[in-house]
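Given next are the chains, with one letter for each unit.
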Amino acid sequence: MSEPSSPETRLIVVSQDGSQVEPTAGEEEPGDRPVTELVEQPAKVMRIGSMVKQLLDEVRSAPLDEASRVRLREIHRTSLKELEQGLAPELVEELERLSLPFTDDEVPSEGELRVAQAQLVGWLEGLFHGIQTAMFVQQMEARAAVEAQSRRALPQGLRPGAPDGGQTGQYL
């Protein structure tokens, strides 16, 4: 297995005792970037996500006439365009593949609008969960690295699991 070009793209597996274990085949995909790097403008994505979720709640609670359905179609399109500006190309591609397209000549039904908005909200929530998971993994990796470094810095007699049980033999 070749070494990745930067430490941010490397998968680190830590055993129960805190030592680093090399990942087995299939655990690492060198071409993938961490999800935290795929959102270039997180604040913008969060604002749009909140707006779309609120919009979906409104669409569920009120009947829509033709003019409001046309307006919602435009809001949906604008939201997608704005989201794409805050995302890396990989996520833009995924969003385009999964988004429900609306045509200019047809007025979408309430059901179509609800499905499109729910799909977008679900995709955004998945993105947010992925970011949270990636951040948790980064925190755990940093914690394991600090613990491993502190174990190396302790004298042999003070290390947990040392031959003399971690005791120095002196009792005060």
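One structure accompanies this document, and this report is about it. (Residues numbered from 1 in each chain as written. Predicted model: local features only at pLDDT ≥ 70, side-chain atom pairs only at ≥ 80, totals over all residues. Heavy atoms only, no water.)

1. Re the pattern of salt bridges
- Per the counting criterion, the structure on display carries 7 salt bridges.
- In this structure, Arg143 and Glu147 form a salt bridge, with 3.1 Å as the shortest nitrogen-oxygen distance. With Arg143 and Glu147 both in helix 5 (residues 110–153), this residue pair falls 4 residues apart, about one helical turn.
- One salt-bridge network, held together by shared partners, links Arg73, Glu74 and Arg77. (Salt bridge = Lys/Arg side-chain N within 4 Å of Asp/Glu carboxyl O. Helix = DSSP H or I, 4+ residues; strand = E, 2+ residues; numbered from the N terminus.)

2. Side note on the nonpolar core
- Counting residues in hydrophobic clusters, the biggest one holds 20 residues, and the most contacted among them are Val45, Leu87 and Leu127.
- Looking at this core, the elements that each hand over two or more residues are helix 2 (42–61), helix 3 (66–85), helix 4 (89–98) and helix 5.
- Broken down by element, this core gets its largest block of residues, 7 residues, from helix 5.
- Each residue touching Leu87, except ones within four places of it in the same chain, is listed here: Leu38, Val39, Glu40, Val45, Val92, Leu95, Trp123 and Leu127.
- Formed by 7 residues, the second largest nonpolar core is a distinct cluster that contains Val59, Leu64, Leu113 and Ala116. (Core = buried A, V, L, I, M, F, W, Y, C linked by side-chain atoms within 4.5 Å. Buried < 20%, exposed > 50% of the residue type's maximum accessible area, 1.4 Å probe, protein only. Contact = heavy atoms within 4.5 Å.)

3. What about the packing of helix 2 against helix 3?
- Remark: helix 2 packs on helix 3, axes separated minimally by 9 Å, with the N-to-C direction vectors making an angle of 160°. Considering the angle they form, helix 2 stands roughly antiparallel to helix 3. By crossing handedness, the relation of helix 2 to helix 3 is classed as left-handed. For the pair helix 2 and helix 3, contact is made by Lys44, Val45, Ile48, Met51, Val52, Leu55 and Val59 and by Leu72, Ile75, Ser79, Glu82, Leu83 and Gln85, respectively.
- Of the residues in the contact of helix 2 with helix 3, the class split is 9 nonpolar, 2 polar and 2 charged. (Axes fitted to C-alpha atoms, helices over the stretch in contact; angles between N-to-C directions. Parallel < 35°, antiparallel > 145°, perpendicular 65-115°, else oblique. Left-handed = near helix turned anticlockwise from the far one by under 90°. Nonpolar A, V, L, I, M, F, W, Y, C, P; charged D, E, K, R; others polar.)

4. A look at the packing of helix 3 against helix 5
- Where helix 3 meets helix 5, the axes come as close as 10 Å, and the angle between the chain directions of the two elements is 20°. By the angle between their directions, the pair helix 3 and helix 5 is classed as roughly parallel. The interaxial crossing formed by helix 3 with helix 5 has left-handed handedness. Contacts between helix 3 and helix 5 involve Arg69, Leu72, Arg73, His76, Leu80 and Leu83 from the first element and Glu110, Leu113, Ala116, Gln117, Leu120 and Leu124 from the second.

5. Considering helix 3
- Between its first and last C-alpha, helix 3 extends 29 Å over 20 residues, near the 28 Å set by a 1.5 Å rise per residue.
- Buried residues of helix 3: Arg69, Leu72, Arg73, His76, Ser79, Leu80 and Leu83, and no others. The arc that holds the buried residues of helix 3, viewed along the axis, is 125°, so those residues lie on one side. Seen from the buried face of helix 3, the exposed residues on the opposite side, beyond 90 degrees, are Ala67, Arg71 and Lys81. (Expected span 1.5 Å × (residues − 1). Arc of directions from axis to C-beta.)

From the geometry alone we can't say anything about function, so treat these as descriptive.
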